[in-house]
Amino acid sequence: MKIAIVGCGNMGMAFAKSFIQYELVKKDDLLLIEKSADRSEALKSEKAGVVVDTIGPRVGEADLIILSVKPQDFNSVYESLRTVIQPNQIILSIMAGIPITQIQEKLNHLLVVRAMPNTPAMLGMGITGFTAAKEVDLANLRRVENLINATGRSIFLEDESMIDAVTALSGSGPAYFYYVVKAMIDAGKQMGFDDAVSALLVKQTMLGAYHLINNADKSLDDLIKAVASKGGTTEAALREFESGALADTLVTGIKAAQTRATELSKG
């Protein structure tokens, strides 16, 4: 399989490295298009594929073209892409906020898959929501799904509007966890720990809690109850969280992210 990646920032390279790692594509068949001179040099030193700085005829030889430029940069690349795209090529867009119909119209091309990964894809631990134009057949959809799964796990959504919810929940989600972790580390520092010790306590706690969530045959409510004994320290903390409406605030924030994603998709 031949793949071209247009825009080789963090997410583009997460996909490229995963494809190479799992031997889904040969390096000579992986075309990396990056306009930044500094970034291009860095990519060449990493030898992750064939690096070029412009969109040319070789892009038309790929089976799959991945669009991973920033959404605001799409207008600067679509005209060049439109001149080289071949009718049987699949376009996989991981650009936030740009709907399939807009991509189809600007590229004059119907075979478009739209996906929203998240940054843990860089470690092969991402989760990606994806959807596709009705013109993409099942065989091609399965090929794309197999490639996406090299970066972690995936979920197919028939309703494209749900991509905005994926953006809010899992696309932006890592930042929410970082925010909570940072607050917990700050609390540790206020209680007298130095930065390193507070960070170790919190990060290892989060790691252990994740594994319990993933492996324990208990609901989240049961896991909470297992820690929060009646009249104890955990209950005191949870009472403060509830009085400050922490859960409601988190839900409101995530819905705000969804609203913003929808606004961006409408231009």
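Computed from a predicted structure; not experimentally measured. Here the residue numbers are simple positions, counted from 1 along each chain's written sequence. Only residues with pLDDT of at least 70 get local features here, since the model is predicted, and only at 80 or more are side-chain atom pairs given and counted; chain-wide, interface and lining totals rely on the full set of residues. Side-chain measures were taken over the full set of non-hydrogen atoms in the model, leaving aside hydrogen atoms and water.

**Q** Requested: an account of the packing of helix H7 (residues 173–190) against helix H8 (residues 195–215), with residues and values cited.
**A** Relative orientation and spacing of two packed helices are given, respectively, by the angle between their axes and the distance between those axes. With axes taken as lines fitted to C-alpha atoms, and helix axes fitted only over the stretch in contact, angles between N-to-C directions fall between 0 and 180 degrees. In this description a helix means any DSSP run of H or I spanning at least four residues, a strand means any run of E spanning at least two, and both kinds are numbered starting from the N terminus. Interhelical geometry of H7 versus H8 gives an angle of 135° and a closest axis separation of 9 Å. The angle between H7 and H8 places the two elements in the oblique class. Two packed elements cross with a definite hand, and for H7 against H8 that hand is right-handed. Across the interface between the two elements, Phe177, Val181, Met184, Ile185, Gly188 and Lys189 from H7 touch Asp195, Ser198, Ala199, Val202 and Met206 from H8. Just so you know the grouping, Ala, Val, Leu, Ile, Met, Phe, Trp, Tyr, Cys and Pro go in nonpolar, Asp, Glu, Lys and Arg go in charged, and all remaining residues, Gly too, go in polar. Tallied by class, the residues present in the contact of H7 with H8 amount to seven nonpolar, two polar and two charged. Any angle between 65 and 115 degrees counts as roughly perpendicular, while under 35 counts as roughly parallel, over 145 as roughly antiparallel, and the rest as oblique. For a crossing to be left-handed, the near helix must be turned anticlockwise from the far one by less than a right angle; the clockwise case is right-handed. We call two residues contacting when some pair of their heavy atoms lies within 4.5 Å.

**Q** Provide a residue-level description of the pairing of strand E5 (residues 90–93), including the pertinent values.
**A** Buried, partly exposed and exposed residues are distinguished by accessible area as a fraction of the type maximum, computed with a 1.4 Å probe on protein chains only: under 20%, between the cut-offs, and over 50%, respectively. Residues Ile90 and Leu92 of E5 are buried on one face, and the alternating residues Ile91 and Ser93, pointing to the opposite face, are buried as well. Any two strands between which DSSP finds at least two bridges are classified as paired. The pairing of strand E4 (residues 64–67) with E5 spans four bridges and is classified as parallel. Residue pairing for E5: Ile66 is matched across the bridge by Leu92. The handedness of a crossover follows from its direction of travel: if, with the strands pointing away from the viewer, the path from the first strand over the helix to the second runs clockwise, the crossover is right-handed. Following the chain from E4 across helix H3 (residues 78–84) to the adjacent parallel E5, one finds a crossover that is right-handed. Both E5 and strand E6 (residues 112–116) contribute to a ladder of three bridges, which runs parallel. Its bridge partner being in E6, Ile91 is matched across the sheet by Val112. Handedness of the crossover is the feature at issue here: the chain leaves E5, passes through helix H4 (residues 100–107), returns alongside E6, and the resulting connection is right-handed.

**Q** Could you give an account of the sheet that holds E6, naming the residues involved and the relevant values?
**A** The pairing of strands in a sheet comes from backbone hydrogen bonds and takes either a parallel or an antiparallel form. As summarised here, the arrangement of the eight strands in space is E3-E2-E1-E4-E5-E6-E7-E8, forming an open sheet in which the pairing is mixed. Each having just a single partner strand, strand E3 (50–52) and strand E8 (152–156) make up the two edges of the open sheet. Sheet twist, expressed as the mean angle between neighbouring strand axes with direction ignored, is 20°. The sheet contact formed by strand E1 (residues 3–6) and strand E2 (residues 30–33) spans four bridges and is parallel. Of the residues in E2, the one forming a bridge with Val6 is Ile33. In the packing of helix H1 (residues 10–21) onto the sheet, contacts are made with E1, E2, E4 and E5, and the angle to E2 comes to roughly 165°. Sitting on the sheet, helix H6 (residues 162–171) touches E6 and strand E7 (126–132), and the angle it makes with E6 is about 30°.

**Q** So what's going on with unusual backbone geometry? Which residues, and what values?
**A** Backbone geometry at Glu23 places phi at a positive 55°, although glycine is not the residue there. One can find Glu23 in the loop between H1 and E2. Not every positive phi belongs to a glycine, and Asn108 is a case in point at roughly 55°.

**Q** Provide a residue-level description of the packing of aromatic side chains, including the pertinent values.
**A** Centres within 6.5 Å make a pair out of two Phe, Tyr or Trp rings, where for Trp the six-membered ring is used; the pair is then stacked when the planes are under 30 degrees apart, edge-to-face when over 60, and tilted otherwise. Going through the model one piece at a time under the given rule, you end up with three aromatic pairs. Judged by centre distance (5.9 Å) and plane angle (80°), the rings of Phe15 and Phe19 are edge-to-face. Of this pair, Phe15 and Phe19 both sit in helix H1, four residues apart, which is roughly one turn of the helix. Overall, the relative accessible area of 1% leaves Phe15 in the buried class. A relative accessible area of 0% places Phe19 in the buried class. With centroids separated by 5.8 Å and ring planes inclined at 45°, the aromatic side chains of Phe74 and Tyr78 adopt a geometry described as tilted. One exposure class covers both Phe74 and Tyr78, and it is buried.

No statement about biological role is implied by the geometric values presented.
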